[in-house]
Amino acid sequence: MKLKRVLSVLMVSAMFLTGCTSGNSGKQEEKKAEEEKSVKVVACSVAATNVLHELGADIIGIPTTQLDIPEDLKDLPQVGQAMAPDLEKVASLEPDVFVMDKSFKESVEESMKEYDINTFYIDTTTYTNFLTSIEELGKEINKQEEAEKLISSLKESEKEVAKIKGDTDATVAILFGSGENFMLATETSYLGDLLKTVGGTNIATELDGSAKSPYLQFSLEQIVQTNPDYILRFAHGNLEETKKAFDDAFDKNPAYAELDAVKNNKVIDLDSNIFNVSANLNVSEAIKTLGGILYGE
């Protein structure tokens, strides 16, 4: 009798354990299936489109743009420009996630209330914020591993620059402008954050340590006083017009000629094909190019 009781208890225990194992296995499979679920995405900026493409996202809509986007996406429905998306068209595509640039969030927030659209705002204001956004976007669309790989790939350029920098120090003024309106880029701007990333010293930080604004008004006297090793000029808007305005300002004012950067031919016009006012997948090339300017032979 005792033997029968023992066998009975063992059989019940085995059935219980099997049930638990089967239940846990089922839950794990459900969780895995959820993680692997394809998330339909509509992108409304070129930077977001390229990032999503790199992550292997299921893109079903793209921005209306003249800029280059991956060839295999060009026949997809267009949903308007980054600053003014066609929200009705976006909603009609029924995406799981709508990705647009955070810089234009305020301009669409009111209109967005009319539509039930799950929206992710990618932050391209700085290189640092861009990397964080890629990580968060990866989680949003079930592409965490792909996002980690992309971030790791982009950060490789930092290591390359660190190797050539060594103990070299460089003080830098980044002149940003359009037409005759020039400002200094602070470390809270995309260009300023790139400079910080490669270890350069931004004179804008010395002039305004708070650096709350991405760009800072300045006087020529301040530039002369700080006397930076390099002056990096970035033309925005009409490139030819701004480049000419930069040249005219430097030619007409003799104070510029007294700067070490001018004397040593270290006034550099940044290539608009590599650099921009906001982050994109060119960040690796931008970091390596900037490192080469400041620390290369």
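Residues numbered from 1 in each chain as written. Predicted model: local features only at pLDDT ≥ 70, side-chain atom pairs only at ≥ 80, totals over all residues. Heavy atoms only, no water.

**Considering the pairing of strand β1 (residues 40–43)**
On a regular strand, each side chain points to the face opposite its neighbour's, so the side chains alternate between the two faces of the sheet.
Here is step 1 of the chain: Where β1 and strand β2 (residues 58–61) come together, three bridges link them in parallel fashion. Looking at β2, one finds that V41 is bridged to I59.
Here is step 2 of the chain: Taking the sense of rotation as the criterion, the β-α-β connection linking β1, helix α2 (residues 46–54) and β2 turns out right-handed.
Here is step 3 of the chain: Pairing of β1 with strand β5 (residues 97–101), which is carried by three bridges, proceeds in the parallel orientation. In the sheet register, V41 faces β5, and the bridge partner there is V97. (Pairing = 2+ DSSP bridges. Helix = DSSP H or I, 4+ residues; strand = E, 2+ residues; numbered from the N terminus. Right-handed = clockwise from strand over helix to strand, strands pointing away.)

**Some remarks on the packing of aromatic side chains**
Here is step 1 of the chain: Counted by the stated rule, this structure contains four aromatic pairs.
Here is step 2 of the chain: With a centroid separation of 4.3 Å and 20° between ring planes, the pair formed by F176 and Y215 is classed as stacked. Here F176 is found in strand β7 (residues 171–178), whereas its partner Y215 is found in strand β10 (residues 215–216), with 39 residues between them in sequence.
Here is step 3 of the chain: Residue class for F176 comes out buried when judged on its relative accessible area of 8%.
Here is step 4 of the chain: With a centroid separation of 4.0 Å and 20° between ring planes, the pair formed by F250 and Y256 is classed as stacked. No difference in accessibility class separates F250 from Y256, as the two residues are buried.
Here is step 5 of the chain: Of the aromatic side chains, those joined through ring pairs into one cluster are F176, Y215 and F234.
Here is step 6 of the chain: One Lys or Arg, R233, reaches over the ring of F250 and ends 4.9 Å from the middle of that ring. (Phe/Tyr/Trp six-rings, centres within 6.5 Å; stacked < 30°, edge-to-face > 60°. Buried < 20%, exposed > 50% of the residue type's maximum accessible area, 1.4 Å probe, protein only. Lys NZ or Arg CZ within 6 Å of the ring centre and 35° of its normal.)

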